[in-house]
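# Structure at a glance
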Amino acid sequence: MDEHKSGKVIIIGNQKGGVVKTQSTNEITFNMQQRGKKTLMIDFDSTSGLTERTFPGEVPLSIDREPLGNSFSPGVAHAFQLFFPDTEVIPEVLPDGRHIIGSTNELGEINYRPQDCVFDFKDRIEALRKHYDYIVIDSAPDYNNLLIASHVVGDYLLVPTLLEKGSRIGVGKQLNYMQRIKKNYNPGIQFLGTYITQASVQSYTQPLLDGYLTAVETENLRMLYEILAEKNYGEDKVLGLISWVKNQAKEAIEFGLTFREYSPNSKPAVQYQELTDKLIQLIEDDSNGQ
């Protein structure tokens, strides 16, 4: 692996499931890699959605060494290994150049371990940083050891959300947890922003708050701005909007492809690319003190 990198850790999380967090992780990391940024993604959700999405046929033995065995046997590319000081960790390399550390549902056992395992995880991530430009963690939608661990090592928090009540509330909860961990464990973590997934666009020619979305989604967007304001963040923290194109989303997932691979000129493909470029620019500006 390349040396002398200073990998930035991005957490993608919301305290509400079903907000397209896993698909977003896949899309953003693919675009980062296509932009020449060496990228590692880590599946930190014990439902292992990112792993299953990445390997729709069969999970490699590097993640699950004995898939038909009677006991859990994590491989060298399983996220479970990151919580111990003396295990071997070798990410799986994907054909598109990205690396992945995957998971199976046994990852949830970490939540029953003493909380100091979080600091073993931190040491392992620090060792990995120098090999990557970006490490992107698909975070768990619950407050537990896995969420705490990701936030302890995170440089930036990125929060996808739908424009509906439960997802909006999930944004607020995620920010509360980030601020708590920032105060007690990781003062360097920053809120990079939020973005809208599966938006029902009514007219691309109308202003965002006046006819662009459905009336219900427009009102939910206004309330999302209120949640951000309560946390002392401005409307500029809404970094992008991904259109909901049902057939394209379903077909891309079934084929195990990103939007950019499946339909590169589609609205979601273009919007995810624009979002990725904005993330890279924001992080580079922050790194350069701008």
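### A closer look at the nonpolar core
In this structure, Ile42, Phe44, Leu82, Phe83 and Phe121 are the most contacted members of the largest nonpolar core, which totals 30 residues. For this core, the secondary structure elements donating two or more residues are β2 (39-43), α3 (117-129), β5 (134-138), α4 (145-153) and α5 (165-184). The element that contributes the greatest number of residues to this core is α4, accounting for six residues. Membership of the second largest hydrophobic core comes to 24 residues, among which are Val136, Tyr156, Phe259 and Tyr272.

### As for the sheet that holds strand β7 (residues 190-199)
Pairing within the open sheet is mixed, and its eight strands lie in the order β3-β4-β2-β5-β1-β6-β7-β8. Edge positions in the open sheet fall to β3 (92-93) and β8 (238-243), since each of these has one partner strand only. Summarising the sheet, strand β1 (residues 8-12) and β5 pair through five bridges and their orientation is parallel. If you follow Val9 over to β5, its bridge partner there is Ile135. Each of β1, β2, β5, β6 (156-161) and β7 is contacted by helix α1 (residues 21-34), which is oriented at about 170° to β5, the strand it contacts most.

### Some thoughts on α1
Here α1 is 14 residues long and its end C-alpha atoms lie 20 Å apart, about the 20 Å a rise of 1.5 Å per residue gives. In terms of residue burial, α1 counts as a mostly covered element, since 13 of its 14 residues are buried. Following α1 by one or two positions, Gly36 adopts a phi angle in the positive range, close to 85°.

Rules used throughout
Residues numbered from 1 in each chain as written. Predicted model: local features only at pLDDT ≥ 70, side-chain atom pairs only at ≥ 80, totals over all residues. Heavy atoms only, no water. Core = buried A, V, L, I, M, F, W, Y, C linked by side-chain atoms within 4.5 Å. Buried < 20%, exposed > 50% of the residue type's maximum accessible area, 1.4 Å probe, protein only. Helix = DSSP H or I, 4+ residues; strand = E, 2+ residues; numbered from the N terminus. Pairing = 2+ DSSP bridges. Contact = heavy atoms within 4.5 Å. Axes fitted to C-alpha atoms, helices over the stretch in contact; angles between N-to-C directions. Expected span 1.5 Å × (residues − 1).

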